[in-house]
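# Reading the structure
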Number of protein chains: 2
Amino acid sequence: MRVWKKHVDIYEDIDKIDAFIRNSLKASQQVLNDAINDLLNAGGKRLRPAMVLLAGRFGRYNEEKLISLAAAIEIMHMATLIHDDIIDQSELRRGRPTVRNRWGNEIAVFTGDYLFTRAFDLVTQTISQKNMHHLSQAIKAICVGEVDQFESRYDKNMYIGKYLKRISRKTAILFSLSCQVGASEARCRQEVIRHLRKFGHDFGMAFQITDDLLDFSGNQDEVGKPLCSDFAEGVYTLPVIYTMLDSSYSSKLEPYIGKKDLIDSDINQIGKLVDESGGLERSKKLALRYLDRCNDSLAALPNIPARDALRELMEELIQRRY
Amino acid sequence: MRVWKKHVDIYEDIDKIDAFIRNSLKASQQVLNDAINDLLNAGGKRLRPAMVLLAGRFGRYNEEKLISLAAAIEIMHMATLIHDDIIDQSELRRGRPTVRNRWGNEIAVFTGDYLFTRAFDLVTQTISQKNMHHLSQAIKAICVGEVDQFESRYDKNMYIGKYLKRISRKTAILFSLSCQVGASEARCRQEVIRHLRKFGHDFGMAFQITDDLLDFSGNQDEVGKPLCSDFAEGVYTLPVIYTMLDSSYSSKLEPYIGKKDLIDSDINQIGKLVDESGGLERSKKLALRYLDRCNDSLAALPNIPARDALRELMEELIQRRY
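The residue numbers shown here count from 1 along each chain, following its written sequence. Just so you know, chain letters begin at A and ligand numbers begin at 1, following the order they were written in. Where totals are concerned, whole chains, interfaces and linings use all residues; where local detail is concerned, this predicted model gives features only for residues with pLDDT of at least 70, and gives and counts side-chain atom pairs only at 80 or more.

## Focus on the overall build of chain A
A run of H or I in DSSP counts as a helix once it spans at least four residues, and a run of E counts as a strand once it spans at least two, with each numbered from the N terminus. For chain A, the helix and strand inventory stands at 15 helices and two strands. The globule rule is 2.2 Å times the number of residues to the power 0.38, and the radius of gyration it is compared with is taken over C-alpha atoms. The C-alpha atoms of chain A give 20 Å as radius of gyration, which agrees with the globular expectation for 322 residues (20 Å, within 12%). For chain A, the spread of C-alpha atoms along the three principal axes comes to 55 × 50 × 35 Å. Exposure classification rests on a simple neighbour count of other C-beta atoms within 10 Å of a residue's own: a residue reaching 20 or more is buried, one at 12 or fewer is exposed, and one in between is partly exposed. C-beta atoms are placed from the backbone. With 322 residues in all, chain A has 50% of them scored as buried.

## Side note on the relation of the copies chain A and chain B
Each copy is superposed on the other by least squares, with the fit set by C-alpha atoms of residues at a pLDDT of at least 70 in both. Mapping chain A onto chain B leaves a residual RMSD of 0.0 Å; the transformation is a rotation of 180° accompanied by 0.0 Å of translation along its axis. Between the two chains, the operation in question is that of a two-fold axis. Identified as the residue of chain A closest to the rotation axis by C-alpha distance is Val109 of chain A, at 3.4 Å. Looking at chain A, 100% of its interface residues are interface residues in chain B too, so the copies touch through the same face. Residues are scored as being in contact if the C-beta atoms we place from backbone atoms lie within 7 Å.

## Focus: the environment of Ile142 of chain B
Residues and elements named next belong to chain B. Structurally, the position occupied by Ile142 is in helix α6 (residues 129–151). For the pair Ile142 and Thr171, spaced 29 residues apart in sequence, the C-alpha to C-alpha distance is 7.3 Å. Setting aside residues up to four positions removed in sequence, Ile142 forms contacts with Thr80, Arg169, Lys170, Ile173 and Leu174.

## Overview of the environment of Gln125 of chain A
Residue and element names in this part refer to chain A. Take Gln125: it is sitting in the loop between α5 (99–124) and α6 (129–151). The exposure class assigned to Gln125 is partly exposed, which follows from the 16 C-beta atoms found within 10 Å. Through-space distance from the C-alpha of Gln125 to that of Gln149 is 33 Å; in sequence the pair is 24 residues apart.

## Some thoughts on the nonpolar core
Within soluble globular proteins, side chains that are nonpolar tend to cluster in buried spots. In terms of nonpolar packing, the biggest core is built from 203 residues, with Ala119 of chain A together with Ala119 of chain B touching the most fellow members. Among all residues touching Ala119 of chain A, those that are not within four sequence positions of it are Ala72, Ile75, Met76 and Ala79 of chain A. By our criterion, buried Ala, Val, Leu, Ile, Met, Phe, Trp, Tyr and Cys residues that link up through C-beta atoms within 7 Å make up a nonpolar core.

## Regarding the interface of chain A and chain B
With 35 residues of chain A at the interface, the matching set in chain B holds 35 residues. Among the secondary structure elements, those contributing two or more residues to the side of chain A that touches chain B are α2 (30–41), α4 (63–87), α5 and α6 of chain A.

## Structural notes on helix α7 (residues 160–185) of chain A
Residue and element names in this part refer to chain A. Between its first and last C-alpha atoms α7 spans 35 Å; for 26 residues at 1.5 Å apiece the expected length is 38 Å, and the two agree. Across the chain, bend at a residue is computed as the angle between axes fitted to the seven residues ending at that point and the seven starting from it. Helix geometry: α7 is bent most strongly at Ala172, by close to 50°. The buried fraction of α7 is high, at 20 of 26 residues. Every helix has an expected span of 1.5 Å times one less than the residues it contains.

## Focus on the environment of Asp148 of chain A
Positionally, Asp148 of chain A belongs in helix α6. C-alpha of Asp148 of chain A to C-alpha of Arg166 of chain A: the two residues are 18 residues apart in sequence and 7.3 Å apart in space. The contact partners of Asp148 of chain A, leaving out residues within four places of it in the chain, are Arg166 of chain A together with Gln29 of chain B.

## Concerning unusual backbone geometry
All names here are of chain B. Positive phi outside glycine occurs at Tyr154, with the angle close to 60°. Its location among the elements puts Tyr154 in the loop between α6 and α7 (160–185). Unlike most non-glycine residues, Asp261 shows phi in positive territory, near 50°. Tracing the backbone shows Asp261 in the loop between α12 (247–253) and α13 (264–276). The class for Asp261 is exposed, based on 6 C-beta atoms found within 10 Å.

## Some words on the packing of helix α1 (residues 10–24) of chain A against α4 of chain A
Residues and elements named next belong to chain A. Note on geometry: axes are C-alpha line fits, over the in-contact stretch for helices, and angles between N-to-C directions span 0 to 180 degrees. Interaxial distance between α1 and α4 falls to 9 Å at its minimum, and their mutual angle equals 65°. In terms of their interaxial angle, α1 and α4 are classed as roughly perpendicular. The two elements α1 and α4 meet at a crossing, and its hand is right-handed. Along its contact with α1, which presents Lys16, Ile17, Phe20, Ile21 and Ser24, the element α4 presents Ile67, Ser68, Ala70, Ala71, Glu74 and Ile75. Taken together, the residues of the contact of α1 with α4 sort by class into seven nonpolar, two polar and two charged. Angle categories are assigned with fixed cut-offs, so that under 35 degrees is roughly parallel, over 145 is roughly antiparallel, 65 to 115 is roughly perpendicular, and the rest are oblique. Working rule for handedness: look at the near helix, and if it is turned counterclockwise from the far one by less than a right angle, call the crossing left-handed; if clockwise, right-handed. In the scheme used here, Gly and all other residues not listed as nonpolar or charged are polar, with Ala, Val, Leu, Ile, Met, Phe, Trp, Tyr, Cys and Pro taken as nonpolar and Asp, Glu, Lys and Arg as charged.

## Examining the packing of α2 of chain A against α5 of chain A
Residue and element names in this part refer to chain A. The geometry of α2 relative to α5 is characterised by a closest axis approach of 10 Å and an angle of 100° between their N-to-C directions. By the angle class used here, α2 and α5 are roughly perpendicular. Residue-level inspection shows Val31, Leu32, Ala35, Ile36 and Leu39 of α2 in contact with α5, the latter providing Val99, Trp103, Ile107, Thr111 and Tyr114.

## A short note on the confidence of the model for chain A
With 97% of its residues at a pLDDT of at least 70, chain A reaches an overall mean of 90. What the predictor reports for the complex is a pTM of 0.88 with an ipTM of 0.85. Each residue carries a pLDDT value, the predictor's own confidence for that position, ranging from 0 to 100.

Structural data, given as structure tokens:
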């Protein structure tokens, strides 16, 4: 499934990024190579590196530099995915066994570390000290977001503000940063950088809300992991929070909140409640509001093909998961 | 137990580094703070950051800069310890429960990541791009060394060259790097940097060999973990390799090589064989040879108090574990 149908030239850039990533990650240990190749071959849409390049188009970009930076951000993202799967004890990612599932937590820990350090090495050779600092701050926020999510499992007092703060840290920040550093390294004007950073943040919020929606309503094969896996792990996302806010449904959903070892009939019932209460619908609306903001940011940017490509990305998100 | 008895002024610097580390690592998540404080309070001799400062004394150093760099290297070391304990499934470190033991693998993964990213953030604000690259390469080597050690567990074909390569990656490189970047950031002459880097490497080799010796012969309380834990985990270190090279002992030790679930009487027998064969003695000799090389490196350096402090460090290593 391709994200860009109109701006297909982006795929040439993504191929270059992939080649760069493969080349940068060659390790002397076979198991590291296998784990990395498995992850690269599993797909993934390379949205973050694509954003780095698209943001760079708004300025005077140096292609070689941007590709290295884009690759570094994707490698960091891969590292967080691998470590994230350890926390979540995930068996599947993008429909394939996770690194921890196939090679064990131990190899997963150091594969992630290896990727982090490769990514840092790439950025130290590429970008300004200021942008390196932004990048470090982003990875720090992701760590804090992940720890927060883990610590709040089975928390009966989740609320919207807490949820939004968490997804802002764990997801939106890396999209936001991708746009920001791409634009900044291409020496865009401050105002352009600001709009792009905001676009990235709002897109990331919509992206994560959509991801959380699909945990309830998606096609299991497309999502690549069992339905309601977040809920089963005690991670209560936006559709659940909305359902709990509706007094005619909260009493029905409450018995499942905080409950471990859910069985199939529980899962079905939870899915039904979250849907019937309008929790999914309201979540979708919030995602659309973030996408409206994305549109506002794009409207403030110069009218160049990269802007249309970013808009196409939004339109695809509205229609389907990727 | 103090390392420096003559150069006690080093402890003032170490206190400054500790204060800097505590200040840099304050997190918004309580569990992160607890895990980090636990690790800091557990002791550790801060050998690597001390080496950064001592190496800096050979040049025109900026104390503030060196303390920040020394703290970053110690934080990276802490991160590798936490992740290392996940790989080794260790329950104890320095005689106290490990992060993974107390908070679980999940928190341990992200506490380590948090530390890595804080350390990188510190160094990006402090040191030259060239030294950042060296630092990335060192952390990469540590990851590869750890994966290699994990992958070679229960390997019946360990040999000295493989062992030395592994400990060079997993331990010596960070000592070597500490000396190198401390000296380099203090703008020492190339020759001085080279001698200090070599000192760090050889000291690190002696340090790890001594550590591996103490797994067999140490006082369990001082070492802070059960005896023969490496062997029990399938990690065959130098004393074992030497014992296997002695035909009159190899046949007796062989039944235990590759064996899992060793019982107490096995452990006693292994300890006895490794000792009687001279495996411990030969390992100690090799450690001393590395320390001789350290002496050669020191002899080539200017005669300043920092040189004596490095020599005191070696002398302490000869006499005991720290």
